Structures are given as C-alpha cells and as structure tokens.
Amino acid sequence: MSDTISTLAAKLAEDTMKVMDETGNDRFFVEVGELLGASSQTLEEAFLTEIRVRLAERKARKFVIDTLTKHRSQVKAIEKK
C-alpha cells in the first residue's frame, strides 16, 4: 500500500473518531467507509483497518485501566482492615 493511502486513511480515521466522540454516533465510520467505497475501495479498506485498530486499542486500553482501578480499590480495601 502506498504511503499516500496510509497517510490519508490514518488522518481520515483520526478525524472520523473525533466526530464519533463528539456526536456519540459510534457507527459514523460505516457511513464514511461506504462513501469511500464508491470511489476508492483501496482507500476504504485502509480507512476501515485504521478505524478497527483504533477501536480495538480503545477497548483494550479501557480493559487495562479498569483492571488496574479494580486492583487498586481491592488493595485499599484490604489496607483499611
């Protein structure tokens, strides 16, 4: 894949995620992907990959933070005894 496609897909995914966060429309990327697919399947695929990676990272990061938060609260509860 060319650097141009990767760069454009990454930037578009970043901007799309910002719109999704601000509007609360967590499926907005699907609409953007459909629009891209009508003119460039290559860019659509790169964009959707960028979105999936970002969504997966968010989910994993939330899991890590939640696990650490739970652990710390358990440790504090034990220390208070």
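Everything that follows concerns the structure shown earlier in this document.
Residues numbered from 1 in each chain as written. Predicted model: local features only at pLDDT ≥ 70, side-chain atom pairs only at ≥ 80, totals over all residues. Heavy atoms only, no water.

Considerations on the environment of serine 73
Move 1: For serine 73, the position within the fold is in helix 3 (residues 41-80).
Move 2: In this structure the side chain of serine 73 is engaged in a polar contact, spanning 2.9 Å, whose partner is the backbone oxygen of lysine 70. (Helix = DSSP H or I, 4+ residues; strand = E, 2+ residues; numbered from the N terminus. Polar contact = N/O pair within 3.5 Å; in protein donor to acceptor, adjacent residues only side chain to side chain.)

Details of the side chain of threonine 16
Move 1: Summarising the element assignment, threonine 16 is placed in helix 1 (residues 3-23).
Move 2: According to the relative accessible area criterion, threonine 16 is buried, its value standing at 3%.
Move 3: Threonine 16 has contacts with Phe28, Phe29, Val32, Phe47 and Ile51, leaving out every residue within four places of it along the chain. (Buried < 20%, exposed > 50% of the residue type's maximum accessible area, 1.4 Å probe, protein only. Contact = heavy atoms within 4.5 Å.)

Examining the packing of helix 1 against helix 2 (residues 28-37)
The angle between the axes and the distance between the axes are what describe a pair of packed helices.
Move 1: Relative orientation of the contacting elements helix 1 and helix 2 amounts to 140 degrees, with a least axis distance of 9 Å. Pair helix 1 / helix 2 crosses with right-handed handedness. Taken together, the residues of helix 2 that come into contact with helix 1 (itself represented by Leu12, Thr16, Val19 and Met20) are Phe28, Phe29, Val32 and Leu36. (Axes fitted to C-alpha atoms, helices over the stretch in contact; angles between N-to-C directions. Left-handed = near helix turned anticlockwise from the far one by under 90°.)

Here's the deal with the nonpolar core
Move 1: Within the largest apolar cluster, twelve residues are counted, these being Ala9, Ala13, Met17, Met20, Phe29, Val32, Leu36, Leu43, Ala46, Phe47, Leu48 and Ile51.
Move 2: Looking at this core, the elements that each hand over two or more residues are helix 1, helix 2 and helix 3.
Move 3: With five residues, the single largest contributor to this core is helix 3.
Move 4: Aside from chain neighbours lying at most four places away, what touches methionine 17 is Ile51, Arg54, Leu55 and Arg58. (Core = buried A, V, L, I, M, F, W, Y, C linked by side-chain atoms within 4.5 Å.)

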